[in-house]
Amino acid sequence: MFKKTKLNRIAIAVAMSVGMSSAAMAQVTSSGMSGQIVGPNGNPAAGTEVKVTHVPTGTVKVVTVNSAGTFNLRGLRVGGPYTVELDSATYADQTISDVYLELGDTFSLNRALENEENIERISVTASQLSSTAFGKIGPSASFDLSTLENAPAINRDLTDIIRIDPRVYVDEGGNGGIQCAGKSPRFNSLTVDGVRMNDLFGLNSNGYPTERMPFSYDAIESVAVEIAPFDVIYGGFSACNISAVSKSGTNEVHGSVFYEYGSNSLRGDSLEGDTVNIGDYDQNTYGFTIGAPLIKDKLFIFAAYEKLDGVNLFDRGAIGSGAVNEVNITQDELDEIVRISNELYNYDPGSIPTSMDHEDEKLLVKLDWNISDKHRASFTYNYNDGNNFTESDGDSDEFEFSNHLYERGAEMKSLTGVLYSDWTDKFTTEIRVSRTELDNRQNSVGGDGTPGGNDFGEIQIYTDDVTVYIGSDDSRQANDLDWNANSLMFRGNYYADNGHTFTFGYEQDSLDVFNLFVQHTETEMRFYGGIDSFEAGLPGAIYYNYAISGELDDAAADWGYTNHSAYMQDEFYLTDDLTVVAGLRYDWTTTSDAPAENSDFVAEYGFSNSTNLDGVGLLQPRVGFNYTLSDSTELRGGLGLFSGGNPNVWMSNNFSNTNTTQVGARGRDHGYTDGSRSLFDSDIVWVNTEEGVTAGPGYSIPSELDADVDAGEGSNFELNYLDPGFDMPSEWKLSAGLTHETESEFILSADLLVSFSKNQAMTFAAQLEEAGFNDEGYIQYSDDKMDAFVLTNSNETSVSYSLTGTLEKSWESGVRLFAGYTYNHAEDTQPMTSSVAFSNYQYRAFTNPNEDVSSLSDWNIAHRFTADLSYTVELFDGLNTRFNLYAVAQSGSPYSLTRDDGNSIFGYTPYIDSNSVLPIGGERNGEEAPWWSKVDISVRQDIPAFSEGHTASISFVVDNFTNMLNDNWGILEETNSTVTIGTSNPVYRDGDASLWEARIGFDYKF
């Protein structure tokens, strides 16, 4: 049993920290407390009463120490403060005050009681004992309310916080995607109050279902990231699990209001000596929180509201325009395109975009109900609606007019109910039900926002170096997505007298999807001959697609499925110093929906394309440990199998692209693309003309193409299907780590994580047959079947590893420091960066387009240093000044050097981009973009408030303070994932991440 001699520095630190238990830091909504209570000689202090009081709400839980000397409490509120009273009939009582619980913690309280004749009562505070670095089992990070409130979080997003951990890279130059240990953001899971808030369908690169974080920043109490948790309650991810829990009301009325302001005058306007034009804009963010008792000690309410009136900036322009990135085209050429478009096509393509206004609105309302001493419930409603305006074709050799941009937006609503019950001192349960509804928008700027509505078709004009786009983006001409998710969870815990804690549960997550995605419903025309061909009306290609039935919705993927999980686990002390967690989790899928069968496919391939995930399952064993090596050092580790995070959009492609619901016609069949006919020829009959415009190209459809579609004739896209033998992708995670506290109270930690990816999802061209090799050594293909892309499993095992070291320390002077470094090497077989099968297939580097080869991941950041420094001081009597600094230095993203003649290498090349092919002996992602380093700062100054007990502050936050100091510093240089060999300058500046930006704000709390 637990001996008194072990109540040294590390034992006490563990007792008041994250806990010896592996209890979840994520996918949970509460905290817990457990431990061993022994007498002076290490004997179990059976019968000792443990009374835990949540001070803000007066909630009390009482449990009795069993014959093994252990106790366990679950379902406790996150945060605090708590007071813990140990009441013994034999020994002196103890009281521990100011205890704070982090999200998902099982707070491990291991105490040795003294003889009553020596002392009547021992009273300590948690701050005297705690060190939250101890007690972990797998690599993880947690961030408390103080960090959330004071870090330089200019985006008011959890990504501003979790990036402090060197294992977590946030793509600040892109859409804020979270890359954990070199893995795709698509393989993460995000939960808020236990509800999955990640992008369940898989369209968004930021990992959210909405355009921004779908809940108010000020609503969050704490956030945690788990990269390799070995508790069986974790599921639905293979990269990392990010969890947040919202605040609650208390017995006192409390709340806050805030306002933040930004503008072009609070943003840099030069890079490396070049003056850049960012346009004029203002950005306002404001909101409030309120918490209050509806019935004292019984029923509480909390609400948080946040509104953003912001701006999207665009950083490209013509030569000499002063844009951050000048595209290799002249203003005269652009003016000529505008003239031709207006005069001959009767279409205004819009302006050169510099900025566009957007909005985001969030509301969270939470009720907490203390039903009785044994039962507690909470109910949470969350709402978010917001949008962005974004480029569709934004590579360095592409240029878009404003009407080719499109609005990305989504409205999300979720409702959650949780019931926590303590049936006995030994048996507790948690039941959670939730529903989430999402209405996604992808609307062309130049259209009316309805699928097949008043849009002008896409036109591409190929100049010598740049492709210019006007009209509505081809992928947004008929695009509509809605999904509903329902979730049910039951979890139980049983605490045996012998010290074992048994966890068991069942979870069910259902998703119903309606996804309409038909390209070219307004036509797409490509003018390979440049501006002259555009003026002459001589396209080199013209495309038109529509539903065969004539009703667009008939071409939608309307489907769903249910994921099930069942698990059980045992957690116990193997020795006084060694805690072990071991369990099994089984996930499986059921569905009655299947893609429509294509009889031609069945005839050619010999099996049906109507395969689905019904019955696919995976058993996931896990084991972890934490071992107290000495009075200042502990070891931890584990091994477990994880699965999840694969975007459902990949499966949705198999329902959309069966070639039974939509068909495409091509202009080459009617003389439009061989120079024999001009779009302006008088004999062309234009049909399906939009209301209020003149019949003609862009607004109408050539009658011959429309007739082909009506007859179900034409050239379809490649059929998509699921491999009938598809297995659930998974990843083994093996972790080992240690934490050591020095005599000077520096906390040093190190973690090694090795992962083995099995059955990775990938896309092949199923119709290709090997037909030998050419003289250079490239494989040659023949094609005797219907073109088809198959979603299948890789046969390769990709091995990834990361090594992380951190140090942290707090000084009595008010200084706190965290610093870390991670070396990362992550591999995969296909990056799978897109939501569309043919894009996943072509937009990568390869020697053989159907190769199954493990290479460095597109998401890998090899070296990453981070630091988080804070300092609090009273510069004015009774008023705190808080300085916070975040710093990062990291190596660049990987990229590949490829040939520029890819389309001519293989005997058959479906959708192979010309610069996707590696030279023989070349390596995917063998190159690396330049390093990037920057510093962000925040200064928050308390000011006198209106009333005692209230606080007020003003703030100044600077993103990329390094660039503010010197416009040569803090420059983020990026590349495309593939760069043609011989390119003189493969990198380009990312203006959004490189230019410094500041916010000024006001915050009032009461």
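Refer to the structure above for everything that follows.
Cut-offs and rules
- Residues numbered from 1 in each chain as written.
- Predicted model: local features only at pLDDT ≥ 70, side-chain atom pairs only at ≥ 80, totals over all residues.
- Heavy atoms only, no water.
- Helix = DSSP H or I, 4+ residues; strand = E, 2+ residues; numbered from the N terminus.
- Rg over C-alpha atoms; globule rule 2.2 N^0.38 Å.
- Buried < 20%, exposed > 50% of the residue type's maximum accessible area, 1.4 Å probe, protein only.
- Contact = heavy atoms within 4.5 Å.
- Areas by Shrake-Rupley, 256 points an atom, 1.4 Å probe, with all protein chains shown as cover.
- Polar contact = N/O pair within 3.5 Å; in protein donor to acceptor, adjacent residues only side chain to side chain.
- Pairing = 2+ DSSP bridges.
- Axes fitted to C-alpha atoms, helices over the stretch in contact; angles between N-to-C directions.
- Core = buried A, V, L, I, M, F, W, Y, C linked by side-chain atoms within 4.5 Å.
- Salt bridge = Lys/Arg side-chain N within 4 Å of Asp/Glu carboxyl O.
- Expected span 1.5 Å × (residues − 1).
- Arc of directions from axis to C-beta.
- Phe/Tyr/Trp six-rings, centres within 6.5 Å; stacked < 30°, edge-to-face > 60°.
- Lys NZ or Arg CZ within 6 Å of the ring centre and 35° of its normal.

Caption draft 1: Spotlight on the overall build of the chain. Of regular secondary structure, the chain possesses 12 helices and 62 strands. Taking 2.2 N^0.38 as the reference for a compact globule, 1006 residues should give roughly 30 Å; the C-alpha atoms of the chain span a radius of gyration of 30 Å, in line with that estimate. Expressed along its principal axes, the backbone C-alpha trace of the chain runs to roughly 110 × 65 × 55 Å. The burial tally for the chain puts 61% of its 1006 residues in the buried class. When contacts within the chain are restricted to residue pairs at least 6 apart in sequence, those whose partners lie at least 24 apart make up 73%. Accessible area of the chain: about 36400 Å², with a carbon and sulfur share of 50%.

Caption draft 2: Main features of the environment of Y261. As for its placement among the helices and strands, Y261 is situated in strand β17 (residues 254–263). Here the alpha-carbon distance between Y261 and F1002, two residues 741 residues apart in the chain, equals 9.2 Å. A distance of 2.5 Å separates polar atoms of two side chains, one belonging to Y261 and the other to D282.

Caption draft 3: Spotlight on the sheet that holds strand β42 (residues 719–722). Taken in spatial order, the three strands of this open sheet run β42-β48-β45, and their pairing is mixed. Each of the sheet's edge strands pairs with one partner strand only, and the pair in question is β42 and β45 (761–765). Ignoring strand direction, the axes of neighbouring strands in this sheet form an average angle of 25 degrees. Examined bridge by bridge, β42 and strand β48 (residues 788–793) share four bridges and lie parallel to one another. The residue bridging N720 from the neighbouring strand is F789, located in β48. Relative to β42, helix α8 (residues 648–656) is tilted by about 125 degrees, and along the sheet it contacts β42, β45 and β48.

Caption draft 4: View of the sheet that holds strand β10 (residues 140–143). In space, the five strands of this open sheet follow the order β10-β15-β16-β13-β14, with mixed pairing throughout. Both outer strands of the open sheet, β10 and β14 (195–196), are each paired with one neighbouring strand and no more. As paired elements, β10 and strand β15 (residues 220–226) share four bridges and run antiparallel to each other. When the bridges of β15 are listed, A141 appears paired with V225.

Caption draft 5: Highlighting the nonpolar core. Of all hydrophobic cores here, the largest spans 65 residues; its most connected members are L158, I161, I162, V223, I242 and W483. Excluding residues that lie within four positions of it along the chain, I242 makes contacts with I162, I178, S189, L190, T191, V223, A224 and V225. Of all hydrophobic cores here, the second largest spans 32 residues; its members include I337, I461, V663 and I684.

Caption draft 6: Up close: the pattern of salt bridges. Scanning the model with the defined rule gives 49 salt bridges in all. For E524, the salt bridge is made with R526, and the minimal N-O distance between the two is 2.5 Å. The buried category is assigned to E524, whose relative accessible area is 1%. Of the charged contacts in the structure, one is a salt bridge between R924 and D858, with a shortest N-O distance of 3.4 Å. Of the two residues, R924 is situated in the loop between β55 (894–898) and β56 (927–928) and D858 in the loop between β52 (855–856) and β53 (863–876); the sequence distance between them amounts to 66 residues. What you see here is one network of salt bridges that share partners, running through R163, E172, K934, D936 and D959.

Caption draft 7: Just unusual backbone geometry, in detail. For E745, which is not glycine, the phi dihedral falls at a positive 70 degrees. Within the secondary structure, E745 is located in the loop between β43 (730–741) and β44 (747–758). Although it is not a glycine, M832 adopts a positive phi angle of roughly 50 degrees. If you trace the backbone, M832 turns up in the loop between β51 (827–828) and α10 (837–842). Relative accessible area serves as the criterion here: at 2%, M832 is assigned to the buried category.

Caption draft 8: Examining helix α5 (residues 331–345) more closely. Taking 1.5 Å of rise per residue, 15 residues should cover 21 Å, and α5 covers 20 Å from first to last C-alpha, within 8% of that figure. Listed in full, the buried residues belonging to α5 are L334, I337, I340, S341 and Y345. Looking straight down α5, one finds its buried side chains confined to an arc of 120 degrees; they lie on one side. Exposed side of α5, more than 90 degrees from the buried face: D332 and E343 are the residues found there. After α5 finishes, the residue N346 shows a positive phi value of roughly 55 degrees.

Caption draft 9: Just the packing of aromatic side chains, in detail. Across all of its chains, the model carries 33 aromatic pairs by this definition. Both rings, one in Y347 and one in Y699, keep their centres 6.3 Å apart while their planes meet at 75 degrees; by these two values the pair is edge-to-face. On the criterion of sequence distance, the pair formed by Y347 in the loop between α5 and β24 (355–370) and Y699 in the loop between β40 (686–687) and β41 (701–702) is long-range, its members being 352 residues apart. For the pair Y347 and Y699, one class covers both residues: buried. Each ring, one from F601 and one from F607, has its centre 5.5 Å from the other, and the planes form 80 degrees; the classification is edge-to-face. Grouped by ring-pair contacts, the aromatic residues F230, Y234, F237 and F642 constitute a single cluster. Of note, R476 hangs over the ring of Y406, and the distance from its end group to the ring centre comes to 3.8 Å. The ring of Y605 has K785 lying over it, and the distance from NZ or CZ to the ring centre is 4.8 Å.

Caption draft 10: Expanded view of the pairing of strand β13 (residues 189–192). Burial of the side chains of β13 extends over both faces: S189 and T191 are buried on one face and L190 and V192 on the other. From the end of β13 to the start of β14, which pair antiparallel, there are two residues, and D193 there has a positive phi angle of about 50 degrees.

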